[in-house]
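# Remarks on the overall topology
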Amino acid sequence: MKHVEKLSLKTIVLNSVFYPAFVVVTLLAPVVCTLPAMLIRLTAGMRRTLYVVRVLIRCYGFIVVRILPFPFVRVEYEDLEPSQRRNACVFVCNHRSSADAFLMERFNGELVQVVNTWPFRIPVIGMIGGLAGYLDVKGMPFDAFLDACCALLREGVSVVAFPEGSRSRSKSLQPFHSGIFRVAQAARVPIVPVCICGTEEILPRSSAILRPGVVRMRKLPALKWESFKDVSPFVLKNQVHAVMQRELEFMEPDPVDPACNTHDGSATAAEKADPHIDGKVRVPASAYMPQAGEMCVIDTLLAAGDGVGEAEVTIRRSSPFVRSDGRIEECVFIEMIAQTIAAATGYERAERRGFEGYLVGVRRFTIANPAAVGDVLRIKVRQLAEFGDFRVVEGAVTRGELVLARGEVKVLERRRTGVREPECVGISR
Amino acid sequence: MDESEIKRRVDEVFVEAFEIPETRLTADVKIFEDLGIDSLDVVDLVVALQKKFDIRIRDDERVREIRTLGEVYALISTLQKEGYLAQR
């Protein structure tokens, strides 16, 4: 007997609203595209026409992604290099859902997508893609594809590709095809990796039912052509793959196993037997950082190694950072990240409070959701850079799958010199 | 050139041209699935093999049949027996 999925009310409402509106917008799109395109074609030539069509496609994507599913589907977009100039480049994205293609409306500038043959067969959408000069990578020899991409990039049009070739069946990144990397090398343009997660939950591969949720999209700093001009395409694709894989692992917190949420930080029998399981640990965080007592805003260190750390905390009423309404002061998220890297570093050095740390900077920090008494939070951190005694650390605080806060902090770390410093660093109340 | 020398030099190609660690290079490893080489990379592989062994195999139909590293060793070995490899 076929399994019948039970849908939540939110899902039913989302699909009831989204799909009729999607059909209407999609049927109107060719009309809206074609009329201006024809007028511009007559007056301003083909190049201008293509530009207008591509802009209209971005508008279509904006409506489909950000308006029609609102408020049930949200897209969180982060640009880790917002100051980057809008020159043509190659965008390299991971691919988990057919919804991914619609997300490209977030990128500035004129762009075309590299797609397989089948999307061109979708009524209306395929026609619009063809009109905009989208590239059928399987329908042309590689040399022709390379020439077409280089011509577009020379004209200032960015090329978006999904080098996995097809949608991934899991959260792991499939091996990359090297074609688009050869394009970037030949055209002498930067590669901009883009990590997308969440679409696989909202529009899974095997289903047409939309689910409510959050899509996270992160545009990473561009890899300049000078940095990869001399490496082989094979090596280049694997380097970019590694960067994106690491980023996706960071963006997606591991699901919290309720069995692990003992709230008292006690270890399971297996962890007690062997506390070092693949870099994972379960030790009291306070043992490895300068803070003590109620100034410790994390309870348990869960992972440490290679500049990465993970910690857990249960928000308690007794915390001095809990307000009268039961929520914690949101600035504590910053301190949680700073303390997690401090604890992870201390654990790696196997030193107990041998160092003191100062939170000296916060950058691109966003607080999306509050936390309250009783919440079990996970904090994941990763060191981005180290300059002398300074470390730049990226971190995220999550509750289950929900991201509460994310951003970068800069910490200054010094070995203790015997003079007793205040226990609390980084937070002033 | 004996079999072990062919193997050593083919492995060198994978290490030098593709930066694949030598520890991953075994005869049964699948070059597409396990090493992540794609159809375009095969062209680079063929070019690198041609250079390394001073042969021309780009138009050889047998290249299309290759699936494992062992089959690359076997192809070079066969070409040697057929007299295509330059004597070194």
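Please refer to the structure placed before this passage.
Residues numbered from 1 in each chain as written. Chains lettered and ligands numbered in written order. Predicted model: local features only at pLDDT ≥ 70, side-chain atom pairs only at ≥ 80, totals over all residues. Heavy atoms only, no water.

In this section: the nonpolar core. All names here are of chain A. Ranked by size, the top nonpolar core spans 72 residues in total, and within it Val-92, Met-104 and Ile-180 carry the most contacts. In terms of residue count, the dominant contributor to this core is helix α1 (residues 9-44) (7 residues). Once residues within four sequence positions are removed from consideration, Ile-180 is found in contact with Val-90, Val-92, Val-114, Phe-145, Val-159, Ala-161 and Pro-163. Formed by 38 residues, the second largest nonpolar core is a distinct cluster that contains Met-289, Ile-298, Ala-304 and Ala-343. (Core = buried A, V, L, I, M, F, W, Y, C linked by side-chain atoms within 4.5 Å. Buried < 20%, exposed > 50% of the residue type's maximum accessible area, 1.4 Å probe, protein only. Helix = DSSP H or I, 4+ residues; strand = E, 2+ residues; numbered from the N terminus. Contact = heavy atoms within 4.5 Å.)

Our focus in this paragraph is the side chain of Asp-100 of chain A. Residues and elements named next belong to chain A. Among the structural elements, Asp-100 can be located in the loop between β2 (90-93) and β3 (111-115). Here the side chain of Asp-100 touches His-95 through a polar contact of 2.9 Å, side chain to side chain. At 2.7 Å, the side chain of Asp-100 forms a polar contact with the side chain of Thr-199. Once you skip the residues sitting within four places of it in the chain, Asp-100 turns out to touch Asn-94, His-95, Phe-162, Ile-196 and Thr-199. (Polar contact = N/O pair within 3.5 Å; in protein donor to acceptor, adjacent residues only side chain to side chain.)

Residues and elements named next belong to chain A. Where helix α5 (residues 179-187) meets helix α8 (residues 233-251), the closest approach of the two axes is 9 Å, and the angle between their N-to-C directions is 110°. Our classification of the angle between α5 and α8 gives roughly perpendicular. The two elements α5 and α8 meet at a crossing, and its hand is right-handed. Counted together, Phe-181, Arg-182 and Gln-185 of α5 and Pro-233, Leu-236, Lys-237 and Val-240 of α8 form the full contact between these two elements. Residue composition of the contact of α5 with α8, grouped by class: 4 nonpolar, 1 polar and 2 charged. (Axes fitted to C-alpha atoms, helices over the stretch in contact; angles between N-to-C directions. Parallel < 35°, antiparallel > 145°, perpendicular 65-115°, else oblique. Left-handed = near helix turned anticlockwise from the far one by under 90°. Nonpolar A, V, L, I, M, F, W, Y, C, P; charged D, E, K, R; others polar.)

Residue and element names in this part refer to chain A. Among the surface-exposed residues, Val-24, Leu-28, Val-31, Val-32 and Leu-35 lie close enough to one another that they form a single nonpolar patch of about 440 Å² accessible area. Note on placement: Val-24 falls in helix α1. The exposure class of Val-24 is partly exposed, given its relative accessible area of 48%. (Patch = residues over 30% accessible without salt bridge, like charges linked within 9 Å, V, L, I, M, F, W, Y side chains within 5 Å. Areas by Shrake-Rupley, 256 points an atom, 1.4 Å probe, with all protein chains shown as cover. Salt bridge = Lys/Arg side-chain N within 4 Å of Asp/Glu carboxyl O.)

Here the focus is the sheet that holds strand β4 (residues 135-136) of chain A. Residues and elements named next belong to chain A. As summarised here, the arrangement of the 7 strands in space is β1-β7-β6-β2-β5-β3-β4, forming an open sheet in which the pairing is mixed. Taken across any chain shown, the strands that pair with only one partner, and hence form the sheet edges, are β1 (73-79) and β4. Two elements, strand β6 (residues 191-197) and strand β7 (residues 213-219), share 4 bridges in a ladder whose sense is antiparallel. Bridging from a neighbouring strand, Val-194 pairs with Lys-219 of β7. Across the sheet, α8 lies against β2, β6 and β7, angled at about 35° from β6, the strand it touches most. (Pairing = 2+ DSSP bridges.)

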